[in-house]
There are 2 protein chains.
Amino acid sequence: MSARPDPRVRIGIADVAREAGVSITTVSHAFSGRGHVSERTRAHVHDVAARLGYSPNRIASALRSRRSNIVGFVSDDIATTPYAGRVVLGAQDAAAAHDQLLVLVNSNNDVTVESKQIAALVAQQVDAVVYARMFHRETTVPPALDGVPTVLVDTVDPTGMHASVVPDEQQIARLATEVLYEAGHRSIVHVTVDAQGPAVNGRIEGYRSAMAKYGLQPVVVEGGDPGIAATGRTAFQRLCSVSAELPTAIFCFNDQMAMGVYQAAQAVGLRIPADISVVGVDDFEPVSAELLPGLTTVGLPHYEMGRWAVEATLANLSEDSAAHVSGITRMPGVLVTRESVAPPRR
Amino acid sequence: MSARPDPRVRIGIADVAREAGVSITTVSHAFSGRGHVSERTRAHVHDVAARLGYSPNRIASALRSRRSNIVGFVSDDIATTPYAGRVVLGAQDAAAAHDQLLVLVNSNNDVTVESKQIAALVAQQVDAVVYARMFHRETTVPPALDGVPTVLVDTVDPTGMHASVVPDEQQIARLATEVLYEAGHRSIVHVTVDAQGPAVNGRIEGYRSAMAKYGLQPVVVEGGDPGIAATGRTAFQRLCSVSAELPTAIFCFNDQMAMGVYQAAQAVGLRIPADISVVGVDDFEPVSAELLPGLTTVGLPHYEMGRWAVEATLANLSEDSAAHVSGITRMPGVLVTRESVAPPRR
DNA sequence: TTGAAAGCGCTAACAT
DNA sequence: ATGTTAGCGCTTTCAA
């Protein structure tokens, strides 16, 4: 039974200094790595500190050094979107790697709430902020963030003042189309949603450019129903009614729409991938991995974007201006191969 | 164009005091509500502060008052589980309501990482901690948390030292069984997973007690395959092979297993709910709302648990010991009715 | 009701 | 390589 240090009496730098027989400056240096401390002294100080159960008070340190070592993470919606967790995890991992803490704040898409939350972040003296949207779109960064180094995730800043990271929508669409083409398909339809924005438009463009490259005729179909899988179903039914000749392959805007296509295909007795091949986007595993057959899909770089954003906003804090980052970074999607693609039979 | 305050020069309590012609003590009181300040003075100080763009530095305040107004959120897995977001959102909302900031920390189930992260939280002087697991199970709280008021989410503390909140697994199972019984079903099977733990065991017990109440014979089937929907599929197939007589209704451990049951039922030409009724647990919307037909399911109180935990851990901080909370709080699930339940035809 | 003064625990100049 | 000293921006006695 080791005697655990009594948590009621807060032990501070002065206690360690006294016990170690050095000045508090030396203790500070021994912990921060700044200044010059002999290896002998450093080790001794750390020993004593460990014995006393001391660790530096980050609040006091922050007050004096004007560095809180806290990164703010502002999100519009951490709850209902399935990807948020991966972005947050990436950010959290990067923060931990740099001995920073991540403060999470959520606005639920309410501008008033958002500016209040950001004010709280500023009052807390956060060193930097990651401003994340859960769907790729344009946003203007709230003025409350003016003084704070900020990096954007899944959104771009029209003013170009802030660095940002987004998925490379075109590459993602080209990759999805390519998989189908390589499997032998020549009749490939893109099922998308009735909405505007960089994700929808970028994927349509990427699809068109790939089809053009292959000398194929692009066909874009959109569903209009509420509900995501329902959109996929509607689009597929529309496809059936429009032409007698169904495509041999479908590239869906995302995995959940692919789920809808599965449902509609099944309803008319078509088997995947024997009768029709399907590719999605997201690699949202509760869907992509659980569908029968497993869905071949292009995974979005959510974790990587979260991680990159914290690294970038921290880099922008450094003196070394060569390390600073700006502009738009586009991250590629990665193909995840499952069983929903086969050569066409027709 | 209003001149925005120059963010480079940090304006502090002394600036406000000088400009307002009062002492810094009065400014402090005017903002904190402590002490006695005339309404006139209070309003004047706030006016001046607003004009100057002042807001109290929470770091300095924390150092002096020994209250950081930060709550730590320790999670084992914020990324891959679909529910995490809702717990975090509940916690974040409660924190914001109490003018607290939420610091998120994630261990990925690595004990070493976890204790490091907790040490960082302690060094940051967090006032309280929420320790959350993403699947209901037993855990021992790491000793690093010893000095800090801690409340548990989705897990219970065998020592009983910490208050905790978990889903009421038995009520959830009883509710699911009841829906089926009320629809007229008398042959109800529970499909579960090959695992131990409060969630699995609690739901089995709840199901058994409901069946006993109705005077019906409980039948519990488990799937063993890897993959969650696959487990549902296997269980259903096992069901088909064991008895010629299929049940008229299935209560699934969760929505993803229900998805597997849908797949297996479809494969043998059975329609839901005409031939067989299905109920899930979770209300994991990307599955429950998107399945065809929509899945009737018992929603788990994730948001509520997150919210409750922050409220509770904050309450335990207060002087008023009557407000303190302890013991295990069980939160009920809520029925979400969709289209997967119909009266039996047999 | 208001103000003066003494720190909270640390870091950063500036000695030595 | 180590130590002395003066704050960081607030809150909190305590006094007026």
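Residues numbered from 1 in each chain as written. Chains lettered and ligands numbered in written order. Predicted model: local features only at pLDDT ≥ 70, side-chain atom pairs only at ≥ 80, totals over all residues. Heavy atoms only, no water.

S.K.: Even after reading the chapter, I still don't get the relation of the copies chain B and chain A, so can you show me in this structure?
M.R.: The relation between the two copies of this chain is a rotation about an axis and a shift parallel to it. Of the two same-sequence chains, chain B is brought onto chain A (RMSD 0.1 Å, axial shift 0.0 Å) by a rotation of 180°. Classification of the inter-copy transformation places it as that of a two-fold axis. Looking at the rotation axis and the C-alpha trace of chain B, the residue lying nearest is Val103(B), at 2.2 Å. With an isologous cut-off of 70% or more, the 100% of interface residues of chain B that recur at the interface of chain A puts this contact in the isologous class. (Least-squares fit on C-alpha atoms with pLDDT ≥ 70 in both. Contact = heavy atoms within 4.5 Å.)

S.K.: Can you help me understand the UniProt feature "domain: HTH lacI-type" (unreviewed entry) in chain A in this one?
M.R.: Following the UniProt record, one finds the feature "domain: HTH lacI-type" (unreviewed entry) at residues 11–65 of chain A. For the annotated span residues 11–65 of chain A, helix accounts for 71% and strand for 0% of the residues, and the straight-line distance between the end C-alpha atoms is 20 Å. (UniProt positions renumbered as here; feature names shortened; annotations may be inferred. Helix = DSSP H or I, 4+ residues; strand = E, 2+ residues; numbered from the N terminus.)

S.K.: How should unusual backbone geometry be read in this particular structure?
M.R.: Backbone geometry follows two general trends: most residues other than glycine have a negative phi, and most peptide bonds adopt the trans configuration. Residue and element names in this part refer to chain A. In this structure, the amide linkage connecting Ile272 to the following residue, Pro273, adopts the cis form with an omega of 5°. Here Pro273 shows up in the loop between helix 10 (255–267) and strand 9 (277–282). Unusually for a residue other than glycine, Asp283 sits at a positive phi of about 50°. For Asp283, the position within the fold is in the loop between strand 9 and helix 11 (285–288).

S.K.: Would you mind showing me how to read the protein's contact with DNA strand C here?
M.R.: Taken together, 24 residues surround DNA strand C, and among them Ile13(A), Ser28(A), Thr26(B), Arg64(B) and Arg66(B) come closest. Backbone atoms, meaning sugar and phosphate, make up 62% of the atoms of DNA strand C lying within 4 Å of the protein. Ile13(A) is positioned with one of its backbone polar atoms (N or O) 2.4 Å from a phosphate oxygen of DNA strand C. The separation between a phosphate oxygen of DNA strand C and a polar side-chain atom of Tyr54(A) is 3.0 Å. Going through the elements one at a time, helix 2 (24–32) and helix 4 (58–65) of chain A together with helix 2 (24–32) and helix 4 (58–65) of chain B are the ones with two or more residues in the surface near DNA strand C. Looking at the surface near DNA strand C, the element that brings in the most residues is helix 4 of chain A, giving 4 residues. Each residue belonging to the surface near DNA strand C can be placed in one class, and the counts come to 8 nonpolar, 12 polar and 4 charged. (Near = heavy atom within 4 Å. Polar contact = N/O pair within 3.5 Å; in protein donor to acceptor, adjacent residues only side chain to side chain. Nonpolar A, V, L, I, M, F, W, Y, C, P; charged D, E, K, R; others polar.)

S.K.: Honestly, the protein's contact with DNA strand D in this entry has me stumped. Any pointers?
M.R.: Taken together, 24 residues lie around DNA strand D, and Thr25(A), His36(A), Arg64(A), Arg66(A) and Ser28(B) are the ones closest in. Within 4 Å of the protein, the atoms of DNA strand D are drawn from sugar and phosphate moieties in a proportion of 64%. A distance of 2.7 Å separates a phosphate oxygen of DNA strand D from a polar backbone atom of Ser23(A). Between DNA strand D and the protein, one listed contact pairs a phosphate oxygen with a side-chain N or O atom of Arg66(A) at 2.6 Å. For the surface near DNA strand D, the elements supplying multiple residues, two or more each, are helix 2 and helix 4 of chain A together with helix 2 and helix 4 of chain B. Of the residues assigned to the surface near DNA strand D, the class counts are 7 nonpolar, 13 polar and 4 charged.

S.K.: Would you explain the domain arrangement of chain A in this entry?
M.R.: Many descriptions give the size of an interface as the accessible area lost when the pieces come together. Domain annotation of chain A identifies domain 1 (13–56), domain 2 (66–165 + 302–331) and domain 3 (169–300). Each of domain 1 of chain A and domain 3 of chain A has a C-alpha centre, and these two points are 62 Å apart. (Domains from an automatic or database assignment.)

S.K.: Would you take a moment to explain the sheet that holds strand 8 (residues 249–252) of chain B for this structure?
M.R.: Think of a sheet as strands paired side by side through backbone hydrogen bonds, with each pair either parallel or antiparallel. All names here are of chain B. Pairing is mixed in the open sheet, where 6 strands are placed in the order 7-6-8-9-10-12. A strand with exactly one partner marks an edge of an open sheet, and here the two such strands are strand 7 (219–223) and strand 12 (334–336). Each adjacent strand pair in this sheet contributes to an overall mean axis angle of 25°, direction not counted. With 3 bridges connecting them, strand 10 (residues 296–299) and strand 12 associate as antiparallel partners. The partner of Val298 across the bridge, within strand 12, is Leu335. (Pairing = 2+ DSSP bridges. Axes fitted to C-alpha atoms, helices over the stretch in contact; angles between N-to-C directions.)

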